[in-house]
Amino acid sequence: MTGVQTCALPIFGILTFHRVLNEGALLQTICLFRLLKDAFPECCVEVIDYMTFKNFLSLTKTRFNIFKFSELPARNRKYKHFFRCLENNITLSKERYITNDCCKIARKLTKKYDVLVTGSDEIWKIYDGKDSLPFPNIFWLGKDLEYSKKIAYAVSANRTNLSMLQIDQIAQIKDCLNEYDLIGYRDEATKSLVDISNIREDKLFKTPDPTFAVDLPYLNLKDKLLKYGIDFSKPLIGIMLQDEEISRKVYSFYEKSGYLIVGLSFRNRYVDVDLSDKLNPLEWAGVINLLSRCITGRFHGVIFCMKNLIPFYCLDECYYENSRSKILDLLKDVGLQGFYMNMYKKGLSDNEIISIEEAMKSLDVEKVSYGLHSMRNKSKIFMKKIRKVVFS
């Protein structure tokens, strides 16, 4: 317990990417919050309402970019759907922090929270790009949070190129990670990052994304979807892709096969019905359950297809330099790596799309179910480890 808390029970604070226009990020936030609330019903659990200045400016620019004036209504609609859903399904801290000053926020957090949980998401990714975070940042925690227990839940350093890290960065990573009481990493790329810190093995555990461990409520979406133009007399295929040429080929193939093509997550002109700005994250997950097929480049798109036993194929549009895709890592864990193709700067051939359809037809539902069972068991094991750390 911290010296300033009057509550006899620990207070949990979750640090993650919760203010982003990404369905998976919000769903993992909601699910991690629920997991901790269910495991520690007697304790206070809240998501710390924290953003860096860069995050804040990026979100504001995305919402109000006047140079894409025609997209403003759709972006504002999506923004409202997302954050109304978030605020209705978690407890947010009363204080909102927008700062890059790690020391300043660390002093405030260590006075309030007995247990700090970072994750899950790519909070440990180190790279040089338009959305990159300053390093170090509060998601690494560190010695300034000396009174709080520190736990990482399914954190990811996806796409971090370890060969590009500077000597001083490696030293800072070691200092920060050795302060953790328990580290649940989500993928092998993150394990490689953790390994440079020489952390004791009993502190490490490969931990599934929290969305595997939580059953979301059933939503009756059919009336709403009918209003948007969904024709349930046709089989539905969802696409979550950004590349227009790949989307065009997918549309052409499945339109000829009698499917209704539904766009999710990204605006896409090669769809029959675009739902990219019309659903909150829980509805997005619910729509996946209504699909007959799904072609996605999204990590959580894969997860929710698996959870609903929907035939899927992943066309990963990201570039990986000296690291392995978090999606491929997940699929290898459950023996489904044959449902993955990296499409960075590649086109999709006619033969490849036929192969994709054949793969989806042959999806082994029993193998998927076994993988889901394994993920839930790993989540339970890790939650027991957290309980042991919290009350030790």
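Structure first, text after, so check above.
In this text the structure is predicted, and so the values were computed from the model without any measurement.

Thresholds, definitions, all that
Here the residue index of a chain counts from 1 through its sequence in written order. With pLDDT at 70 or above as the cut-off, local features in this predicted model cover only qualifying residues; side-chain atom pairs require 80 or more to be listed or tallied, and sums for whole chains, interfaces and linings still use all residues. To get the side-chain values, all heavy atoms of the structure are used, and hydrogens and water are removed first. Helix numbering and strand numbering both begin at the N terminus, where a helix is a DSSP run of H or I of at least 4 residues and a strand a DSSP run of E of at least 2. Polar contacts, as counted here, are pairs of nitrogen or oxygen atoms within 3.5 Å of one another; within protein the pair requires one atom able to donate a hydrogen and one able to accept it, and residues that are adjacent in sequence qualify only if both atoms are side-chain atoms. Contact criterion: two residues are considered in contact whenever any of their non-hydrogen atoms come within 4.5 Å of each other. DSSP-based pairing: two strands are paired if at least 2 bridges between them are found. Angles shown run from 0 to 180 degrees and are taken between the N-to-C directions of axes, each axis being a line fitted to C-alpha atoms and, for helices, limited to the stretch in contact. Multiplying 1.5 Å by the residue count of a helix minus one yields the expected span of that helix. Any residue under 20% of the maximum accessible area for its type is buried, any over 50% is exposed, and the rest in between are partly exposed; the area is computed with a 1.4 Å probe on protein chains only. Comment: arc refers to directions from the helix axis out to C-beta atoms. Crossovers are marked right-handed if the path from the first strand over the helix to the second runs clockwise, as seen with the strands pointing away from the viewer.

Chemist: Which parts of the structure should I look at to understand the side chain of Lys-206?
Modeler: Turning to its location among the elements, Lys-206 is positioned in strand S7 (residues 204-206). A polar contact of 2.9 Å, which involves the side chain of Lys-206, links it to the side chain of Asp-329. Residues in contact with Lys-206, not counting those within four places in the same chain, are Tyr-185, Arg-186, Asp-187, Glu-188, Asp-329, Asp-333 and Lys-378.

Chemist: Help me out: how do you make sense of the sheet that holds strand S11 (residues 293-296) in this one?
Modeler: Either a parallel or an antiparallel arrangement is found when strands of a sheet pair, and the pairing is made through backbone hydrogen bonds. The strand order across the open sheet formed by six strands is S10-S9-S8-S11-S12-S13, and the pairing between neighbours is parallel. In the strand order of this sheet, the two ends are held by strand S10 (273-274) and strand S13 (340-342), each with one partner. Of the pairings in the sheet, the one linking strand S12 (residues 312-316) to S13 comprises three bridges and is parallel in character. The residue of S13 that forms the bridge with Cys-314 is Tyr-340. Sheet strands touched by helix H10 (residues 299-307): strand S8 (236-240), S11 and S12. Its angle to S12, the strand with the most contacts, is close to 170°.

Chemist: In this structure, what is going on with the environment of Thr-60? I would like to understand it.
Modeler: Among the secondary structure elements, Thr-60 is positioned in helix H2 (residues 53-64). Of the polar contacts made by the side chain of Thr-60, one reaches the backbone oxygen of Phe-56; its length is 2.8 Å.

Chemist: Is there a simple way to think about helix H8 (residues 244-256) in this case?
Modeler: Along an α-helix, residues three or four positions apart point the same way, because every turn accommodates 3.6 residues. End to end, H8 covers 18 Å across 13 residues, agreeing with the expected 18 Å (1.5 Å per residue, within 8%). Among all positions in H8, only Ile-246, Ser-247, Val-250 and Tyr-254 are buried. What you see down the axis of H8 is that its buried residues fit within an arc of 95°, all on one side. In this fold, the buried residues of H8 make contact with S8, strand S9 (260-263), S11, S12 and helix H12 (350-361). Capping the start of H8 is the job of one residue whose side-chain oxygen sits 3.0 Å from the backbone nitrogen of Glu-245: Asp-243.

Chemist: Got a minute to help me understand the pairing of strand S6 (residues 182-185) in this structure?
Modeler: In regular strands, side chains alternate between the two faces of the sheet. A two-sided burial pattern is seen for S6, the buried positions comprising Leu-182 and Gly-184 on one face and Ile-183 and Tyr-185 on the other. Sheet analysis places strand S5 (residues 149-155) next to S6, joined by three bridges and oriented parallel. Bridging from a neighbouring strand, Ala-152 pairs with Ile-183 of S6. Following the chain from S5 across helix H5 (residues 167-177) to the adjacent parallel S6, one finds a crossover that is right-handed. By the bridge criterion, three bridges tie S6 to S7 in an arrangement that is parallel. In the strand pairing of S7, Ile-183 is matched with Leu-204. For the handedness criterion, the β-α-β arrangement of S6, helix H6 (residues 188-195) and S7 is classed as right-handed.

In short, geometric facts, not functional conclusions.
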